[in-house]
Amino acid sequence: MALPAQILAVTTANVRSIPRRLGNSLVIVVGVAGVVAVLILVLTMFVGFRTTIEGDGRPDRAIILPRGATTEYEGSLSRETAAAVMNAPGIKHDGRGRPIVSAEVILVAPVARKADNSDVNVTLRGVGGQYFVMRPELKLVSGRMFHPGNQELLAGTSASAEFAGLDIGKQVRLQDGDWTVVGTFAGGNGARESELVADALTVMSAYKLDAFNTMGVMLESPATIASIKEALAGDPTLQVDVRAEPEYLATASDGVNRMLRLVAYAIGSIMALGALFAALNSMSSAVVARTVEIATLRAIGFSPSAVAVSVLIEALLLALLGAVVGVAVAYAAFNGATISTLGGAVWDSQLVYSLTITRSVTVTAVLLACALGLLGGAFPAIRAARSNVADALHES
Amino acid sequence: MRFFPLLWAGLWRRPTRSVLTGLSIAVAFLLLGLLEGVNAGFSKAIAEAHRDLLVTRTRVRGGAPMPISALATIQSIPGVREVTQRAYLMGAYGDPLLKNMVAAIATDPAVFFQLRPGLTVTKQSLRAMRENRSGMLATPALLQQFGWRVGDAVTLRSQILKTDGSRDWTFNIVGTFDSVKNPANAYFGIINYSYLDEYRVEDRGTAEAFYERIADPTKAVTTAAAIDQIFANSSHETRTQSDQERAEFQAKQLGNVQFFTNAIMGAVLFTLAFLTGNTLRQSIHERIPEFAVLKAVGYSDARVLGLAYAEALLLYMPAAAVGLMLAYLAAPLAKEDIGSIVVSPAVAMSGLACAALLALVGTALPALSLSRMAIVDALRRR
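Just so it is clear, the structure is predicted and the values come from calculations on it, not from any experiment. (Residues numbered from 1 in each chain as written. Chains lettered and ligands numbered in written order. Predicted model: local features only at pLDDT ≥ 70, side-chain atom pairs only at ≥ 80, totals over all residues.)

**Q** Tell me about the overall build of chain B, and please be specific about residues and values.
**A** For chain B, the count of helices and strands is 15 helices and twelve strands. A total of 382 residues make up chain B; the buried ones form 39% of that total. Once local pairs closer than 6 in sequence are excluded, the contacts in chain B between residues at least 24 apart make up 80%. (Helix = DSSP H or I, 4+ residues; strand = E, 2+ residues; numbered from the N terminus. Buried ≥ 20, exposed ≤ 12 C-beta atoms within 10 Å, placed from the backbone. Contact = placed C-beta atoms within 7 Å.)

Right, here's the structure in full:
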């Protein structure tokens, strides 16, 4: 028989005998399923957080912060600075010739998380009149815009779903009395949906603030960031840093990102190691249990490599079955669940994001499962191929 | 003890299997130890926080600061022992264009350090602060960061305007203090509130927070409510929390962490129970005739079961201990990115108890079928 035919024959025989040694074979399936499900969970948390934060970045938007500030909330930009930025070159103008700029103040509002009624903070962003022009991905989904001068605000849809008291018509207690939620908005990759938005000047007068914290500008094109940088650097009274939005978002989320990445890879690799030992164990037992069978096959002319490859294929098939189970468990258990955690625009404000299992995460987990199956099958396969036919038969 | 050679021989009957099973157990307990350590880290922070220490802040952050006159009002509330105020000064040292911000807490140092048991300070430093109004205490880490020494005068450029029209605040470093828990990582200074308040133009006579110590920790909630009552319906409503409440609050801010650590631990335990249970089943199954011999020579079912369990323990416990030890060694590595993972004796004990339970569950099922088997049938099996 040719090698492929031999492999096929031995593999078929192996697979057919699986029901008789079910417990042992299930070890690989369950072990791999556990690794795959957990790996998908931790990777989805990591990837979900990153895409939620960084996905909104557009190279033709820039964030302007006071010199040295690394986050949107920590520094202040005077009204004069804001005016100078608005007149800088390279900024896109709307149909009526006004620069598309939003000078913003960043505060937090205390709210209660619906799930456990715990007190947490959400970001309250006081924005300029061009905010929704500058962020066309955000759309009002219900209610109406706030009227500047009135103590009114809009809630992002994630915030209003996750936290109590953020439905239209409800009042939020902030500085200077109660503020009414008049609408909800959604859009983009979701980071902004965790925020409350109100008119910047109204917020500043209520909080007796005299400065903005951050500014966002729409550029004529990604390339014109150079001219705005140059113009602002030329004026020594303006101490500001201009950064393209994607660059800013990548640095702003770096801390939590690093933590989640470390957690994902640490847990994933530890579990993979454990499952590898289990797979090795299981396939070795399978080979040991079939010592006589394998020797008989070899005695009647099956080549060692056919035997070895068939062991590998069996391990791979079991691992794949485990991967399927693991993916199914992961989808059933948490796909679409939302997480509310630290990671908003302010250091202690909440970011709400949903766990959406992506294809690339699934593919990564399945590839790892295959690797586990192959590695777990490799040594037992070699052992099976090398076993001494006469000794093995004699043993019986 | 005289059964030890028997157990040992049983373990090494199939060395590959025992070693691989041991390795899986060790790896699983490494992970379990770390995850349980994360949970324990949170609980520890909450448990260690003082219930008799309160902090009052404005309810709406970024809102108007509280008038300093509230200090006397709070002091007069029954049950309040000590009160001190806090304000902040942020300033850049040296070239203001670089990122070298220094944060300083402006307070009454003598009272402040009594109310912050997490910070240590010497009597000399406190005396120096009393004698030198423009003094500053700095942590060793801060001194090292800027190459400062005690005795230096340092100038910070702040956003806070001084009465003389400048924004340059000069302080004399008169001593040091440090964080008990996190010695090398505290980067801030302590200055005299009276000095800051006398020379600042805006927000004069206000504080950003008050620290209190109360006589009876069980009255934390009612005292906090009494303090918040003072400011109710003012432009600066407050929220007073005990340190313990704040620690819980911070843990909750992190989100459903415990849910996820528990979910992962559950998955790991289930998988582990299945994998090791299978190994035990095989191992006992293969030796049914041996156990039957023991029974034939008069060993009771319980004794045979005990032997099987002891053998499982001999495999599980050292492996679990190795895993937990690895977790203990690995925990500090994650400190910078994740925070404190506490692989405490309690975590280790619960881990070992878990291993013993897994061994029991894994042994029970096959051993039960063994005890039901007639000796003659068992002896005949191959």
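**Q** Explain the overall build of chain A residue by residue, including any values.
**A** Each helix and strand counted, chain A has 13 helices and 14 strands in total. For 396 residues, the compact-globule estimate of 2.2 N^0.38 gives 21 Å, and the C-alpha radius of gyration of chain A, at 30 Å, exceeds that figure by more than 25%. Of all 396 residues assigned to chain A, the portion counted as buried reaches 49%. At a minimum sequence separation of 6, the contacts of chain A that also span at least 24 residues come to 83%. (Rg over C-alpha atoms; globule rule 2.2 N^0.38 Å.)

**Q** Lay out the domain arrangement of chain B with the relevant residues and their values.
**A** Looking at chain B, the domain boundaries give domain 1 (4-47 + 255-380) and domain 2 (60-236). Summarising the inter-unit geometry, the C-alpha centres of domain 1 of chain B and domain 2 of chain B are found 52 Å apart. (Domains from an automatic or database assignment.)

**Q** Tell me what's going on with the pairing of strand β14 (residues 350-354) of chain A, and back it up with residues and numbers.
**A** Residue and element names in this part refer to chain A. With respect to burial, β14 is a largely interior element, four of its five residues being buried. Looking at chain direction, strand β13 (residues 338-342) and β14 are connected through five bridges and run antiparallel. Across the sheet, the residue bridging to L342 is Q350, located in β14. (Pairing = 2+ DSSP bridges.)

**Q** Now, about the interface of chain B and chain A: what can you tell me, with residues and values included?
**A** In this complex, chain B contributes 39 residues to the contact, which on the side of chain A involves 41 residues. Counting only elements with at least two residues in the side of chain B that touches chain A, the list comes to α2 (15-48), α9 (243-253), α10 (257-286) and α13 (335-338) of chain B. Counting residues per element, the side of chain B that touches chain A draws most heavily on α10(B), which supplies eleven residues. Per-class residue counts for the side of chain B that touches chain A are 19 nonpolar, 13 polar and seven charged. (Nonpolar A, V, L, I, M, F, W, Y, C, P; charged D, E, K, R; others polar.)

**Q** Can you explain the pairing of strand β6 (residues 135-138) of chain B? Please cite residues and give values.
**A** Residues and elements named next belong to chain B. Neither face of β6 is left uncovered, since the one carrying G135 and L137 and the one carrying M136 and A138 both have all their residues buried. Note that β6 and strand β8 (residues 168-179) share four bridges and pair parallel. The partner of G135 across the bridge, within β8, is N172. Here β6 runs beside strand β9 (residues 189-192); their pairing, made up of three bridges, is antiparallel. The partner of M136 across the bridge, within β9, is I191.

**Q** Explain the domain arrangement of chain A to me, using residue names and the numbers behind them.
**A** Residue and element names in this part refer to chain A. If you check the domain split of chain A, you get domain 1 (3-54 + 255-395) and domain 2 (68-238). The distance between the C-alpha centroids of domain 1 and domain 2 comes to 47 Å. Facing the 14 residues of domain 1 at the interface are 18 residues of domain 2. Elements supplying a minimum of two residues to the side of domain 1 that touches domain 2: α2 (22-54), β13 and β14. Top element by residues in the side of domain 1 that touches domain 2 is β14. It accounts for four residues. Its residues placed into classes, the side of domain 1 that touches domain 2 shows six nonpolar, seven polar and one charged.

**Q** Help me get a handle on the confidence of the model for chain B, residues and values and all.
**A** All names here are of chain B. For chain B, per-residue confidence averages 84 on the pLDDT scale, and 94% of positions sit at 70 or higher. Summarising per-element confidence for chain B, the mean pLDDT is lowest in α13 (63) and highest in β6 (94). Reported confidences for the modelled complex are a pTM of 0.77 and an ipTM of 0.77. (pLDDT = per-residue confidence, 0-100.)

**Q** Tell me about the nonpolar core, residues and numbers included.
**A** Nonpolar side chains tend to gather and get buried jointly when the protein is soluble and globular. Ranked by internal contacts, the top residues of the largest apolar core, which has 172 residues, are V32(A), V36(A), I40(A) and L31(B). The biggest single contributor to this core is α2(A), with 19 residues. Ignoring sequence-local partners within four residues, the contact set of L31(B) consists of I267(A), I270(A), M271(A) and V268(B). (Core = buried A, V, L, I, M, F, W, Y, C linked by C-beta atoms within 7 Å.)

**Q** So what about the packing of α2(A) against helix α11 (residues 304-334) of chain A? Which residues, and what values?
**A** Residue and element names in this part refer to chain A. With their axes 7 Å apart at the nearest point, α2 and α11 run at an angle of 40° to one another. In this view, α2 runs oblique relative to α11, as classed from their interaxial angle. In this structure, α2 crosses over α11, and the sense of that crossing is right-handed. Grouping the constituent residues of the contact of α2 with α11 by class yields 20 nonpolar, five polar and no charged. (Axes fitted to C-alpha atoms, helices over the stretch in contact; angles between N-to-C directions. Parallel < 35°, antiparallel > 145°, perpendicular 65-115°, else oblique. Left-handed = near helix turned anticlockwise from the far one by under 90°.)

**Q** I'd like to hear about the packing of α2(B) against helix α12 (residues 301-330) of chain B, residue by residue, with values.
**A** All names here are of chain B. Relative orientation of the contacting elements α2 and α12 amounts to 40°, with a least axis distance of 7 Å. In this view, α2 runs oblique relative to α12, as classed from their interaxial angle. Crossing angle aside, the handedness with which α2 passes α12 is right-handed. For the pair formed by α2 and α12, the contact residues are S18, T21, G22, I25, A26, V27, A28, F29, L30, G33, L34 and G37 on the first element and L315, Y316, A319, A320, V322, G323, L324, L326, A327, Y328 and A330 on the second. The residue makeup of the contact of α2 with α12, split by class, is 17 nonpolar, six polar and no charged.

**Q** Help me get a handle on the environment of A226(A), residues and values and all.
**A** Its location among the elements puts A226(A) in helix α7 (residues 225-233). Judged by the 12 C-beta atoms lying within 10 Å of it, A226(A) falls in the exposed class.

**Q** I'd like a rundown of unusual backbone geometry, residues and numbers included.
**A** Residues and elements named next belong to chain B. The residue D203 is not glycine, and still its phi comes out positive at about 60°. Relative to the assigned elements, D203 resides in the loop between α7 (193-199) and β10 (206-207). On the neighbour-count criterion, D203 (14 C-beta atoms within 10 Å) is partly exposed.

**Q** Tell me what's going on with the environment of V105(A), and back it up with residues and numbers.
**A** Residue and element names in this part refer to chain A. The topology assignment puts V105 in strand β3 (residues 101-112). Judged by the 24 C-beta atoms lying within 10 Å of it, V105 is buried. Once the C-alpha coordinates of V105 and N213 are considered, the two residues, 108 residues apart in sequence, prove to be 4.9 Å apart. Every residue in contact with V105, bar those within four places of it in the chain, is listed here: G126, A200, V203, M204, L209, F212 and N213.

**Q** Break down the environment of V10(A) for me, with residues and values.
**A** All names here are of chain A. Tracing the backbone through its elements, the reader meets V10 in helix α1 (residues 3-17). With 186 residues separating them in the primary sequence, V10 and L196 have C-alpha atoms 64 Å apart. Contacts of V10, omitting those with residues within four sequence positions, involve L297, F302, A306, V307 and S310.

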